[in-house]
Structures are given as structure tokens and as C-alpha cells.
Amino acid sequence: MKGSCSALSELLEKYFDQEVTDEEKSFVNTHLVDCHACRDSLRSMEKMRDLVKAPVEEAVGEEDFQWVWQMIERGIRKEERPVFWETLQRWLQIPLTSKRRVWIPAVAMAVILFLTLPLFFKKNPSYQSADVVEYVQSDTNNVMVYESENSKVTVIWLFEEPATETPSS
Amino acid sequence: MRKILFPFLLCVLCFVWTSTVFAEVQVRLRVIGASNDKKGIDPSLKDIYKEIGFLFNFTSYRLWRDENLTLSPNQPVSIATRRRLIEITLVGLRKDIAELKIKVVREEKELLNTQVRLSPGKTVLIGGGPRQREGIIIYALYASFKPSNLPTPNNFAPSFR
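Residues numbered from 1 in each chain as written. Chains lettered and ligands numbered in written order. Predicted model: local features only at pLDDT ≥ 70, side-chain atom pairs only at ≥ 80, totals over all residues.

### Considering the overall build of chain A
From N to C terminus, chain A includes six helices and three strands. Its helices and strands taken in sequence order, chain A reads α-α-α-α-α-α-β-β-β from the N to the C terminus. By the burial criterion, 7% of the 169 residues in chain A qualify as buried. (Helix = DSSP H or I, 4+ residues; strand = E, 2+ residues; numbered from the N terminus. Buried ≥ 20, exposed ≤ 12 C-beta atoms within 10 Å, placed from the backbone.)

Here it is in C-alpha cells:
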């Protein structure tokens, strides 16, 4: 019996792992009925499994596999992201009128440009020929504004109170 | 789309911001005391004497203050001389023309409130009013523009009003 037990030990492990064929299974079952040693070793395998299973399941329960999966998925997505040239080609292949994601941004851009461009490219009125003085106010004195012929000098003169003093122009 | 639109808007905002923040003008302000009590021209006023000597008939011109002011938009700069205060504010900058709001105050009374357009090579003289003990005060204003101060391409700059 001992000889057959040593030949069976490998098969018993497979039997324990449920990897045997139906034929092997019935052979092991028949053997186990008569062999006390093999029954013991099968039982010790089961005990060993139970001893290992509980802490492993506990440890697995504590691990955050959700986060790990998120990282993996992100990595996959990153690898799958098309390069700029491919994206551009894909965009060019889209019929312009059929895709919202093309014309909505295009209209938005156009509106923004329409509203902002006049600000930047507005032609400024030429003030070269305009007056230097835009306005003058004085509640206390009379004021005279004088501009020289070559318009290089502009004088804003407050007349003295009560007498007046004028520039000699 | 967000990736395109956000930088685009950011650029627009930066452009507008730099246009206003870096728009500065250097203004030289000379405060001159003019009178007929004495005779003589301050040597530091020789360059301007051609202009003021032609315009006014005072016998004496003294330089009381010479200030180089850096004007930022809507930031008033005040200079007080002989009981009189002049407050200058840059209210607009277009091409190489600075729009300045000027107030002259004497003993909390506003003598003058004006707005002028100052460009390189031009002089604005503000004078007269109540006579000081030392004579009449004349303010001479000149603007100088550094190329870097001109804020934007196409010589555009916003008005700060």
C-alpha cells in the first residue's frame, strides 16, 4: 500500500486542487476509502488551505483595488491617446456641417474675435492737428488759452485777481 | 476645446492687462517763479527762455522746482510749491500723446481744472492766478516717451477714462 501511496501523492495534490480527470478522481476516491494515511494528508492539505485563506482574504479586503484599477485605466488611456497629427487628420475628415463639436467652438471663436479685434486694431483718431487743451475750468479766475503759431507752446493763463495781467503775445 | 479656448482668453486678458499696466509717461515739470521785482534769468531756464521770454514780459525768471514725474494711469501725482499745489493725472495714452488732467489748487481752493494732450516736443505752460510774494508761478510741462513705454502694436493704447 505504501508504494501506491507514494505514487498517488502527486495525484492527491491535483485531486485537492480539483485538476484531475473523472477517471483519476474515481481512482483516488477508491484509494482514500482504504488508505488512512492518504486521508490524513488530504485533511492536512485542507487545514493548511483554511489557515492561509482567511488572512489572505482579510488582506485583499483591505487593499484599495479600485484606485489601482483607476491608475491602470488612466495609463491605458494615455497610451491610447492619439498624437496631434492623427487628431488633426481626424478633424479634417469630419464633415463640417455634421459635427457639433466643430461648428460650436468655431462660432464661439468667431464671436470672441469679432468682439475683441476691433479693440486692438482700432484706428485712433489723429490728435496731431487737434487742440492741445481739451477743456479748462476755473471758478475763481478768468482763463485765457493761447497756442503759439507753430503750436509747440500752449499757454493756459489765469488772470490775476482783481487786476489782470496778460502775456505779451 | 477648453484647451484651445482657455489659453486664447488668457492671451487676450494678458494683452489688455499689459497695455494698461505698462503704459507710463515721463513728464518733466518745471516750476518757475516770474516777477518784475528783480532782473535775471536762471541759467537752468536758458533752454526755455526763448519761449517764455517771447510770451511774457517779466524781468526775472527763477527755477523753483524741476521734477521728472513718472505718471501711471489714473494715479495722481502732486507737487506743492509756495502754497500752491499742482496735481497731474494720466488719463489717456494714445500713440505718442499723453492726456493729462491737471488741477491747480491754492489754499484748498481749486484755481484751475484742465485736461491737455501732451506730445513730444510740445510744451504746456500754466501760469498766472493770484500773485505770490515771490512773483507769479508758471508751470512748464513736457512729456517724454520711451519707445518701451508705448504700450502696444499699432500704437494702440486704451483710454483710461
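The structure having been displayed, the exposition proceeds.
### Here's the deal with the overall build of chain B
Across its full length, chain B carries two helices and nine strands. Going from N to C terminus, chain B has its helices and strands arranged as α-β-β-α-β-β-β-β-β-β-β. Sequence separation of 24 or more characterises 50% of the internal contacts of chain B that already satisfy a separation of 6 or more. (Contact = placed C-beta atoms within 7 Å.)

### Details of the sheet that holds strand β2 (residues 143-147) of chain A
Strand pairing in a sheet takes place through backbone hydrogen bonds and is either antiparallel or parallel in direction. Here we have seven strands laid out as an open sheet, ordered β2(A)-β3(A)-β8(B)-β9(B)-β1(B)-β3(B)-β2(B), and mixed in their pairing. Looking at strand neighbours, the two that pair on one side only are β2 of chain A together with β2 (40-41) of chain B, the edges of this open sheet. Strand direction decides the pairing type here: β2 of chain A and strand β3 (residues 153-158) of chain A, joined by five bridges, are antiparallel. Within the sheet, the bridge partner assigned to V145 of chain A lies in β3 of chain A and is I156 of chain A. (Pairing = 2+ DSSP bridges.)

### Focus: the environment of V116 of chain B
Here V116 of chain B shows up in strand β7 (residues 109-118). Under the C-beta neighbour-count criterion, V116 of chain B is labelled buried, with 25 such atoms within 10 Å. Expressed as a C-alpha distance, the spacing of V116 of chain B and A98 of chain B, which sit 18 residues apart in the sequence, is 8.1 Å. Not counting residues up to four positions away in its chain, the partners in contact with V116 of chain B are V132, V133 and E134 of chain A together with L100, I102 and V124 of chain B.

### Quick word on the sheet that holds strand β5 (residues 84-94) of chain B
Taken in spatial order, the five strands make up an open sheet running β1(A)-β7(B)-β6(B)-β5(B)-β4(B), and their pairing is antiparallel. Looking at strand neighbours, the two that pair on one side only are β1 (133-137) of chain A together with β4 (77-81) of chain B, the edges of this open sheet. Each strand of the sheet is rotated relative to its neighbour by a mean of 15°, with strand direction disregarded. (Axes fitted to C-alpha atoms, helices over the stretch in contact; angles between N-to-C directions.)

Any link to function would need more than the numbers given here.
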